[in-house]
Every structure is written in C-alpha cells, then in structure tokens.
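Fold and contact review
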Amino acid sequence: MEKHDVIIVGGGPAGLTAGLYAARSRMDILLLEKLTPGGQVLTTAMVENYPGFEEAISGSDLVAKMEKQARGFGLQVEIKSVEKIAQEGSLKKMIADGEEYLSKAVIVATGVEPKLLGIPGEKELRGKGVSYCATCDGPFFRDKEVVVIGGGDSAVEEAIYLTRFAKRVRLIHRRDQLRAAKIVQERAFSNEKVEVVWDTVATRINGEQFVQSVDVKNVKTGREDNVETSGIFLYVGVKPNSDLFDFKIDADQRGFLRTDENMRTSVEGIYAVGDVRSKQLRQIVTATGEGATAAFAVQKYLEDLTP
Ligand code: NAP
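Conventions and cut-offs
- Residues numbered from 1 in each chain as written.
- Predicted model: local features only at pLDDT ≥ 70, side-chain atom pairs only at ≥ 80, totals over all residues.
- Heavy atoms only, no water.
- Helix = DSSP H or I, 4+ residues; strand = E, 2+ residues; numbered from the N terminus.
- Rg over C-alpha atoms; globule rule 2.2 N^0.38 Å.
- Buried < 20%, exposed > 50% of the residue type's maximum accessible area, 1.4 Å probe, protein only.
- Contact = heavy atoms within 4.5 Å.
- Areas by Shrake-Rupley, 256 points an atom, 1.4 Å probe, with all protein chains shown as cover.
- Lys, Arg positive; Asp, Glu negative; His and termini not counted.
- Charge placed at Lys NZ, Arg CZ, Asp CG, Glu CD.
- Near = heavy atom within 4 Å.
- Polar contact = N/O pair within 3.5 Å; in protein donor to acceptor, adjacent residues only side chain to side chain.
- Nonpolar A, V, L, I, M, F, W, Y, C, P; charged D, E, K, R; others polar.
- Domains from an automatic or database assignment.
- Salt bridge = Lys/Arg side-chain N within 4 Å of Asp/Glu carboxyl O.
- Pairing = 2+ DSSP bridges.
- Axes fitted to C-alpha atoms, helices over the stretch in contact; angles between N-to-C directions.
- Expected span 1.5 Å × (residues − 1).
- Patch = residues over 30% accessible without salt bridge, like charges linked within 9 Å, V, L, I, M, F, W, Y side chains within 5 Å.
- Buried area = accessible area lost by both parts, 1.4 Å probe.

Things to note about the overall build of the protein
Looking only at helices and strands, the protein features six helices and 19 strands. Taking 19 Å as the expected radius of gyration for a compact globule of 307 residues, we find that the protein reaches 21 Å, a close match to that expectation. Across its three principal axes, the protein shows a C-alpha extent of roughly 70 × 40 × 30 Å. Each of the 307 residues in the protein was classed as buried or not, and the buried ones make up 51%. Contacts in the protein between residues at least 24 apart in sequence constitute 58% of all its contacts with a sequence separation of at least 6. By element, 46% of the accessible surface of the protein is carried by carbon and sulfur atoms, the whole surface being about 15500 Å². Averaging the coordinates of the 41 positive side-chain charges in the protein and doing the same for the 45 negative ones gives two points 2 Å apart.

Comments concerning the site of the ligand
Taken together, 17 residues lie near the ligand, and D153, E157, R175, R179 and Q283 sit nearest. The backbone of Y235 places a nitrogen or oxygen atom 3.4 Å from an oxygen atom of the ligand. Separating an oxygen atom of the ligand from a side-chain N or O atom of Q283 is a distance of 2.8 Å. Across the shell around the ligand, the residue classes tally to three nonpolar, eight polar and six charged. In terms of domain composition, the shell around the ligand takes at least three residues from each of domain 1 (2–113 + 238–305) and domain 2 (116–234).

Focus: the pattern of salt bridges
Inspection of the entire model under this criterion finds 20 salt bridges. Salt-bridge contacts for D176 lead to K220; the nearest nitrogen and oxygen are separated by 3.2 Å. Of this pair, D176 sits in the loop between β12 (168–172) and α5 (182–190) while K220 sits in the loop between β15 (211–218) and β16 (224–228), and the two are 44 residues apart along the sequence. Take D176: its relative accessible area is 45%, and that puts it in the partly exposed class. The salt bridge involving E290 is made with R277; its shortest N-O contact spans 3.0 Å. In this pair, E290 sits in helix α6 (residues 284–305) while R277 sits in the loop between β19 (270–272) and α6, placing the two residues 13 residues apart along the sequence. The same class applies to E290 and to R277, which are both buried. Shared partners join several salt bridges into a network, and the residues in it are E145, R168, R170 and E195.

Notes on the sheet that holds strand β14 (residues 200–207)
In space, the three strands of this open sheet follow the order β14-β15-β16, with antiparallel pairing throughout. Every other strand in the sheet has two partners, leaving β14 and β16 as the edge strands with one partner each. The average undirected angle you get between the axes of adjacent strands in this sheet is 25 degrees. Bridge analysis of β14 against β15 gives seven bridges, and the strand direction is antiparallel. By the bridge assignment, G207 is partnered in β15 with V211.

Brief notes about helix α1 (residues 13–24)
With 12 residues, α1 extends 16 Å between its outermost C-alpha atoms, agreeing within 8% with the 16 Å of an ideal straight helix rising 1.5 Å per residue. Burial analysis of α1 places 10 of its 12 residues in the buried class, the great majority of the element. Considered for burial, the residues of α1 that qualify are P13, A14, G15, L16, T17, A18, G19, L20, A22 and A23. On its buried face, α1 is in contact with β1 (2–9), β2 (29–33), α2 (59–72), β8 (99–108) and α6. Where α1 terminates, the next one or two residues include R26, which has phi positive at roughly 60 degrees.

Quick notes on a positive patch on the surface
Together, K115, R174, R175, R179 and R254 make up a positively charged patch on the protein surface. Along the chain, K115 turns up in the loop between β9 (112–114) and β10 (130–131). The class for K115 is partly exposed, based on a relative accessible area of 34%.

Things to note about the domain arrangement of the protein
Segmenting the protein into domains produces domain 1 (2–113 + 238–305) and domain 2 (116–234). Both faces considered, domain 1 and domain 2 share a buried interface measuring about 510 Å² in area, 45% of it formed by carbon and sulfur atoms. Contact with domain 2 buries area across many residues of domain 1, yet T43, A45 and E48 alone supply 69% of it, more than any other trio. Two residues, E48 and R187, come together in a salt bridge whose shortest N-O distance is 2.7 Å. Tallied by class, the residues present in the side of domain 1 that touches domain 2 amount to three nonpolar, three polar and one charged.

Encoded structure:
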C-alpha cells in the first residue's frame, strides 16, 4: 500500500496548483487523476480571463502548461480513479482502481461534472448529436444547425465557439436574461450566427440514429414548437464530484463541500479546493488561489502533527 504525507485527488487547475506549491515545499505528495489532468478547463475552447495571457489561450494549452510546471518541480501524477476516501486510524485511505493509498492529509480537487437536463431523448442520443462538450464535438457540425441550451458562461461562450463550424447556433434559454458575463453576452448578441430563443425550454430530443430535432415550449405563452437541428449542446449547470466519502463531511444543499478560509473541511486533515468547494465564484483564477492556500495550510498542519 502506497503511503504519502499528502494526496491530492483531482488534476484540474486547483489540484495542479496545490501540487505545484506542495512540490516546491518539498512535501511527500502524490496527485491522483482519473483521466488526463486538466478538469473542466480541458473542455473550454478559449480562456481569456486568466491573468497573464493577454491573448486568449485554449483551455487545454493552459492546463498543459500548469501540469508541466508542477511536474517540473517534482509533482508525481498517477492516472487512477479514486472511488472512495475513508478514515484509517489517524490516516486517510483512498481506494483507486482497486489499489489503496494512505496519507496524513488529502486535498480534494475533484471538481464538477455537467448536469443532465433529464428530458426524453437526452440519454438515448448522447454521443449521437447530444453533447456536453463543444470543443470535443463542435467540428462534427460544420455547416449544420445546432442548438445550445442554457444561459450561463459555458452556454454562451460555447455557443460563440460553435459558430466557427455551424451555419447557425440557436441558444435556447429559459428566461429573458442571460446569466453569462456581460462581455460574453455582448459578443453573442453581435454575432450574426447566434440566435437567442428566450423564455423557452426543451422538452424532448428527437431522432432515430442521430439527433434530428428538439421539441421546445415557450414558458410565457405556452406555445410549443419543433426545432430541426443536427446537434444539441447542453450547458445547464454543474454538479459537484463530492460523493466519495465514507464518512460525514459538511456540504451545502447542492453537495458542494464547505470549507473555512484555509480550505479546511469539517473533517480534520481533509481540504477542498476548486469547483467542488461551496463558493460564489467558480473560475480558474479562484481555483488556483485555493490550491495554493490549501498547500500552505497542509504544510502547517503536517508540521503541527510532527512533535
Ligand atoms: P451556470 O452558471 O450554473 O449556468 C447554468 C445555466 O443553465 C443557467 O443559465 C440556467 O438558467 C440554465 N439552466 C439550469 N437548469 C436548467 C434547466 N433545467 N432547464 C433549462 N435551463 C437550465 O453553469 P455554467 O455556465 O456551466 O457555469 C458553471 C460555473 O463555471 C459558473 O460559476 C460559471 O461562472 C463558471 N464558468 C466561468 C467561465 C468563465 O469565466 N469564462 C466559463 C465557464 C464557466 P438560469 O440562468 O435561469 O438559472
């Protein structure tokens, strides 16, 4: 069984920055990541609000730089999917792909995953025109009509990104105002390929082998319509990856982990950083700051454990 002082679970910007700081402090540290390091940012076409990159940088390039930087200072990364975090005496035990890992402290940086809309056709046609990742699937829709559902930063940014390929992007939003940052809204409104459909919800996705259309309903007038489309991109929010614990840990109503300002959760030795944390602002810049804060707090915690 592998044993380390600190294990970071999750390799997005928060986890990688915790790893960078912990590695530079010469802590005995391991980062476990289930796929490729990067997290949600990997699915972000362009990042233009991370300081220091005055030209927008692609999400995948940005996290590749973060990973390279952290590894350069000695961060060890293993591709393992953590299924459970448990208490083992005074230590924490992680079970990942059948193997066990022990540590004195854990930094949980497990992030979020897209919420499903939960309408008929969504599951059946996933990967057949239903997508949660414009950067992954956008190029398949060259010169086609696509629909994006949602009104937050992800929906509006990715709708704009999709105009690189699609001939028209319909952004269907349930209210008469978008939630996304104003600058992103302005860009969507001035993009002639983006058409915003207000006060409207999707009720069913139709298609035999591939998506052919989506049924929609205006929530103000009650009018129902059928919109022909080849692709439907869903960005209706995110849910936290916070169901790993074998013990009780304080979380908000939606399952995001509560911490103090030093990223300590309600359980001694467990810290939470990045999107999985209960907070107001989910950004790369807040995630990296929290990663650094947690690494510093863990260092102090380990020093206090050692008489
Ligand atoms: P979000 O901000 O929670 O937005 C979700 C959108 O989906 C909202 O517009 C919401 O409508 C709509 N929605 C929710 N449930 C729905 C339903 N059942 N039917 C129809 N529409 C529904 O989620 P997000 O855009 O994925 O962003 C997640 C977090 O990451 C946010 O904190 C966001 O700011 C951040 N983020 C930041 C950037 C950036 O800074 N560049 C980029 C991407 C994401 P209502 O508006 O009516 O609630």
